[in-house]
Amino acid sequence: MAASLENPDELDERERTALKTLLKRLADDEFVLAERYTEWQVRAPSLESDLALANNAQDELGHARLWYDVLGDVGLEERDLVYERDPGDFRHSTLVELPFEEGDWADAVLRSYLYDVAEDLRLEALVDSTHPKIADRVGKIRSEEEYHLEHAQNWLERLADGGEGRERLQDALDRLFPYAFTLFEPCAPPRGANEASGDEPRAVDPDVEDDIVDLGLRDATLEEMGEEWLSIVVPYLESLDLELPVDGRADDGADEFEFEVTEAMLPEERGRDGTHTDAWFDLYDEFTHTYRELERTETTRIMDKPE
Amino acid sequence: MSSNIPDDTDATPCAYTDYREGESTADLPATGADATGLAADVWDALYGIEDPEMPISIVDLGLIYGVSVDDGDVTVDMTLTYSGCPARDMLTAEVEAAVTAVDGVEDIELRLVWSPEWTVEMVTERGKDDLREFGLSI
C-alpha cells in the first residue's frame, strides 16, 4: 500500500483513477443535492425550515468545494468540474438529482435523512484515509453535517405523527428508497481514465471500487457501508410506523442486515455509472445557463487575483 | 406588572442548540508573537486584515495557522470558520495582496487548511474582547 498519496506527480494511473472516482462520488453528491435544496428557498413550510434548508444547501456547496479542491491537485479546475463538464460525466447518485414535486416537503425531509445517514457513514470511513487532504477535511465536514441529520429527524418525527404527513412520507419512501440504494452502487471510472470504461455509461469497473479500499483511500467497502446504513434507517423508519419497500433483513436474524441489492431493486438510472434521469439534464442546463449565456470561459471571482 | 419580564436567572439556552466550546489545540491560535524579521512584517500585515463581517483581525479570529519564510518566499497556512464561507475568495485575495505588498516578499503561497478545524477556542484573548465589544457573547 502506498504510504501517502498526497503528491499528485507520484500517483500511478491506478491510484489517480481511484482518487478521481472517489472524489467525484463525494463532491457530485454534495453539489447536486445543494442545487436541489436551494429550490426550497422562500418555499419551505416555515421561516425556520426555509433558513435551515438554505443553510444546509450552503454547507453542501462548501463541502463539494472542499472535495473539488482536492481534484484541483490532479489538474481539474472548477470550470472543468462544474460549468464545462459533460453532464454524463457526473457521478452523483440519482437520489440527489430527482426533482421535488411542488410543495412535497416530506420528500425533501426524507431524502435528506436517507442521504445524511449514508454520508455520515462514508465520512467515518474516510477519517483514516491514506490521502492526507481527504483525512484533513473530514473533521470540518462532519462537524457541519451533524445538524443536518438532527434537522431531518426532527421533521420526520413531526410528519410521521399522523394524517396527511405520514401518507406523504410513505409515498416518498416508496419512491425514493430504490434510488437511495444507488448511493452504494459502484462508479464507472471518469471518462477517458480507463479503456475498460469505453466512455460508455454502465461500463462499471468494479476494480476501481476495490482499488479505493485497497489503497486505503476509504476503509469500508460499499457493501459494508450499505449494510450499516440499512441497520440504521430500517429500524428508525419502522419506529415511525412507515413500511419499508425492502427491509434488507437477513433470513434468520431480526436485526441482522444484509446489503444484497438485486437489479430488480434498483432504478433504471443509477448516476454512479453515468446514467441519469432526464431531470438531471434539465437541472444541468439550468445551473450552467448564465455561464453559457454570458459566454464565460472561466468561473467568476468576486475579486481579481492580485498581481 | 413586571411579572411578564423574565428573570435573568430563569433564562435557559435554546434547547435545540449544542453550545460546544470546541477543543483547544496546543499550538493555536498562532499569532506570530515570536516572529522576527520578514516573518514579523508579514504577521503585521495579516493583523491589518479584518474579518468581512466583524471588527476583528483575522489573526485574532484564529484563521492563520502559520507563516513560514524562505528568503522572499512566504507560505501562509490559513483556515476559514466555515467550509461554505461566501467570503472565501475575497479573504484569500486580500491576504495574498497584503502579504505581497510587504517589503521583501517576492512570492506568497497561500494554503487553505481544514485541520484542525476552527472553533471558538482559536480566538485570541484580544479577539474575544473585540467580539464582546461588538456585542457577541463569547
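Residues numbered from 1 in each chain as written. Chains lettered and ligands numbered in written order. Predicted model: local features only at pLDDT ≥ 70, side-chain atom pairs only at ≥ 80, totals over all residues. Heavy atoms only, no water.

Participant: Which parts of the structure should I look at to understand a negative patch on the surface?
Facilitator: Residue and element names in this part refer to chain A. Judged by side-chain charge, Asp128, Asp219, Glu223, Glu224, Glu228, Glu256, Glu258 and Glu260 come together as a negatively charged surface patch. Relative to the helices and strands, Glu223 is located in helix H8 (residues 222-239). For Glu223, a relative accessible area of 47% puts it in the partly exposed group. (Patch = residues over 30% accessible without salt bridge, like charges linked within 9 Å, V, L, I, M, F, W, Y side chains within 5 Å. Areas by Shrake-Rupley, 256 points an atom, 1.4 Å probe, with all protein chains shown as cover. Salt bridge = Lys/Arg side-chain N within 4 Å of Asp/Glu carboxyl O. Lys, Arg positive; Asp, Glu negative; His and termini not counted. Charge placed at Lys NZ, Arg CZ, Asp CG, Glu CD. Helix = DSSP H or I, 4+ residues; strand = E, 2+ residues; numbered from the N terminus. Buried < 20%, exposed > 50% of the residue type's maximum accessible area, 1.4 Å probe, protein only.)

Participant: I'm lost on the nonpolar core in this one. Help?
Facilitator: Within the largest apolar cluster, 122 residues are counted, with the highest numbers of intra-cluster contacts made by Trp67, Tyr113, Leu114, Trp229 and Leu237 of chain A together with Leu46 of chain B. Per element, the largest residue contribution to this core is 12 residues, and it comes from helix H4 (residues 105-124) of chain A. (Core = buried A, V, L, I, M, F, W, Y, C linked by side-chain atoms within 4.5 Å.)

Participant: I tried to follow the pattern of salt bridges on my own but got confused; where do I start?
Facilitator: Once their charged atoms are close, side chains differing in charge can pair, the charge on each being opposite to the other. All names here are of chain A. Within this structure, the stated rule accounts for 28 salt bridges over all chains. A salt bridge links Arg85 to Asp28; the shortest N-O distance between them is 2.7 Å. Taken together, the residues span a long stretch of sequence, with Arg85 in the loop between helix H3 (78-83) and H4 and Asp28 in helix H1 (residues 13-37) at a distance of 57 residues. Each member of the pair, Arg85 as well as Asp28, is classed as buried. Close ionic contact of Asp89 with Arg91 constitutes a salt bridge, the shortest N to O distance being 4.0 Å. Judged on exposure class, the residue Asp89 and its partner Arg91 are both buried. Within the structure, one salt-bridge network assembled from shared partners comprises Asp104, Asp107, Arg111, Glu164, Arg168 and Arg175.

Participant: Explain the environment of Ser83 of chain B here, please?
Facilitator: Tracing the backbone shows Ser83 of chain B in the loop between strand E2 (73-78) and helix H2 (88-100). The spatial distance from the C-alpha of Ser83 of chain B to the C-alpha of Trp114 of chain B is 8.4 Å, given a sequence separation of 31 residues. When residues no more than four places from it in sequence are discounted, the contact partners of Ser83 of chain B are Asp59, Gly62, His63, Leu66, Lys140 and Glu144 of chain A together with Trp114 of chain B. (Contact = heavy atoms within 4.5 Å.)

Participant: What is the right way to read the packing of H1 of chain A against H4 of chain A from this model?
Facilitator: All names here are of chain A. At a minimum axis separation of 13 Å, H1 and H4 run at an interaxial angle of 155°. Taken together, H1 and H4 sit at an angle that is classed as roughly antiparallel. For the pair H1 and H4, the sense of crossing is left-handed. Contact residues: Arg25, Leu26, Asp29, Glu30, Leu33, Arg36 and Tyr37 in H1; Arg111, Ser112, Tyr115, Glu119 and Arg122 in H4. A breakdown of the residues in the contact of H1 with H4 according to their chemical character gives four nonpolar, one polar and seven charged. (Axes fitted to C-alpha atoms, helices over the stretch in contact; angles between N-to-C directions. Parallel < 35°, antiparallel > 145°, perpendicular 65-115°, else oblique. Left-handed = near helix turned anticlockwise from the far one by under 90°. Nonpolar A, V, L, I, M, F, W, Y, C, P; charged D, E, K, R; others polar.)

Participant: Looking at this structure, I do not really get the interface of chain A and chain B. What am I missing?
Facilitator: Where the parts come together, the accessible area they lose is often given as the size of the interface. Tallying the contact residues gives 24 residues for chain A and 19 residues for chain B. A buried area of about 1900 Å², summed over both sides, lies between chain A and chain B, and 47% of it is on carbon and sulfur atoms. At the surface where chain A touches chain B, the tally comes to two salt bridges. Here Arg88 of chain B ties to Asp69 of chain A by a salt bridge, and the two come within 2.9 Å at their closest N and O atoms. Applying the counting criterion to the chain A and chain B interface returns nine residue pairs in polar contact (both at pLDDT 80 or more). Ranked by residue count, the leading element in the side of chain A that touches chain B is helix H5 (residues 132-159) of chain A, at 10 residues. Considered class by class, the residues forming the side of chain A that touches chain B number five nonpolar, seven polar and 12 charged. (Buried area = accessible area lost by both parts, 1.4 Å probe. Polar contact = N/O pair within 3.5 Å; in protein donor to acceptor, adjacent residues only side chain to side chain.)

Participant: Quick question: what am I supposed to make of the side chain of Ser93 of chain A here?
Facilitator: Residues and elements named next belong to chain A. Examined against the element boundaries, Ser93 turns out to sit in the loop between H3 and H4. Among the polar contacts made by the side chain of Ser93, one reaches the side chain of Thr182 at a distance of 2.8 Å. Residues in contact with Ser93, not counting those within four places in the same chain, are Asp29, Tyr179, Thr182, Leu183, Arg270 and Arg272.

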